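# Report on the structure
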Amino acid sequence: MTLLDASRIALIIATPPLVIVVAQRTPRWWRALAARVEQRRPARPRPYGLPIERLAADLRRLLRLHGELTASARPALCAHRVWAVEAAIGARAIEAAVALGVPPPRPDGAGLLTRAQLSALLTDLAAAVLVLPARACPFTSDGRI
């Protein structure tokens, strides 16, 4: 038996386990390669917040609720609800302003907007093609702020 014959026998014995190992490890290597390629790609742009359609729908809903609360017969009993709705309107209006590129006003120390700031912001949003109810800016149907 020569060295050539011995190497052929070793190759015949070693080939099946090597084929099995390569067949088992190939999916893992492929996933690692794909992950590495994905990491090298630039990140896809992601939206900052909610879609503008949802922000506009929330603003319209909150403005309608504010109008209903201020028109109710018991304003003293629901004053805290009016305050909460105004805070929610302010938060959504700031989000919509950021989404549309309108400069939002600076809130006070508690993070709330005054009624004058909120009215001005809603007017700016309406001017920036955000569809709001006709009586959105004065907050009430009779025009008082």
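Residues numbered from 1 in each chain as written. Predicted model: local features only at pLDDT ≥ 70, side-chain atom pairs only at ≥ 80, totals over all residues. Heavy atoms only, no water.

Quick look at the overall build of the chain now. Within the chain, the secondary structure is distributed over four helices and zero strands. Relative to its 145 residues, the chain shows a buried fraction of 23%. Here the analysis covers contacts within the chain between residues at least 6 apart in sequence; of these, 60% occur between residues at least 24 apart. Accessible surface for the chain amounts to roughly 10,700 Å². Of this, 63% is attributable to carbon and sulfur atoms. (Helix = DSSP H or I, 4+ residues; strand = E, 2+ residues; numbered from the N terminus. Buried < 20%, exposed > 50% of the residue type's maximum accessible area, 1.4 Å probe, protein only. Contact = heavy atoms within 4.5 Å. Areas by Shrake-Rupley, 256 points an atom, 1.4 Å probe, with all protein chains shown as cover.)

Take unusual backbone geometry next. Of note, the phi angle at V129 is positive, near 65 degrees, even though the residue is not glycine. By secondary structure assignment, the location of V129 is in the segment after α4 (115-127).

Further remarks concern the nonpolar core. Counting 21 residues, the largest nonpolar core has L59, I89, A93, L122, L125 and L130 as its most contacted members. For this core, the secondary-structure elements that each account for two or more residues are α2 (52-71), α3 (79-100) and α4. Filtering out sequence-adjacent residues up to four positions away, A93 remains in contact with L59, L118, L121, L122 and L125. (Core = buried A, V, L, I, M, F, W, Y, C linked by side-chain atoms within 4.5 Å.)

Taken as a whole, the largest pocket holds about 150 Å³ of empty space. At the level of secondary structure, the elements contributing two or more residues to the lining of the largest pocket comprise α3 and α4. Looking at the lining of the largest pocket residue by residue, the classes come out as seven nonpolar, three polar and three charged. (1 Å grid on protein atoms, 1.4 Å probe; cavity = no way out; pocket = protein on both sides within 12 Å on 5 of 7 lines; lining within 4 Å. Points joined across faces, edges and corners; volume = space filled by probe spheres on them. Nonpolar A, V, L, I, M, F, W, Y, C, P; charged D, E, K, R; others polar.)

Here we take up the side chain of E86. Following the sequence through the fold, E86 ends up in helix α3. Setting aside anything within four residues of it in sequence, one finds E86 in contact with H66, R115 and L118.

Moving on to the pattern of salt bridges. On inspection of all chains with the given rule, the structure shows five salt bridges. D58 is the partner of R61 in a salt bridge, and the nearest nitrogen-oxygen pair spans 3.9 Å. On the criterion of helical spacing, the pair formed by R61 and D58 is a turn pair, its members being three residues apart in helix α2. Residue class for R61 comes out partly exposed when judged on its relative accessible area of 41%. Overall, the relative accessible area of 11% leaves D58 in the buried class. Here R92 makes a salt bridge to E95, at a shortest N to O gap of 2.6 Å. Placement of the pair is R92 and E95 together in helix α3, with a separation of three residues, close to one helical turn. (Salt bridge = Lys/Arg side-chain N within 4 Å of Asp/Glu carboxyl O.)

Looking now at the packing of α2 against α3. The N-to-C vectors of α2 and α3 enclose an angle of 155 degrees; their axes lie 9 Å apart at closest approach. One way to sum up the angle between α2 and α3 is to call them roughly antiparallel. Crossing of α2 against α3: the hand is left-handed. On the side of α2, the interface is formed by I52, L55, D58, L59, L62, L63, L65, H66, L69 and T70, while α3 contributes R81, V82, V85, E86, A88, I89, R92, A93, E95, A96, A99 and L100. A per-class count over the contact of α2 with α3 returns 15 nonpolar, two polar and five charged. (Axes fitted to C-alpha atoms, helices over the stretch in contact; angles between N-to-C directions. Parallel < 35°, antiparallel > 145°, perpendicular 65-115°, else oblique. Left-handed = near helix turned anticlockwise from the far one by under 90°.)

That's the geometry; what it means functionally is another story.
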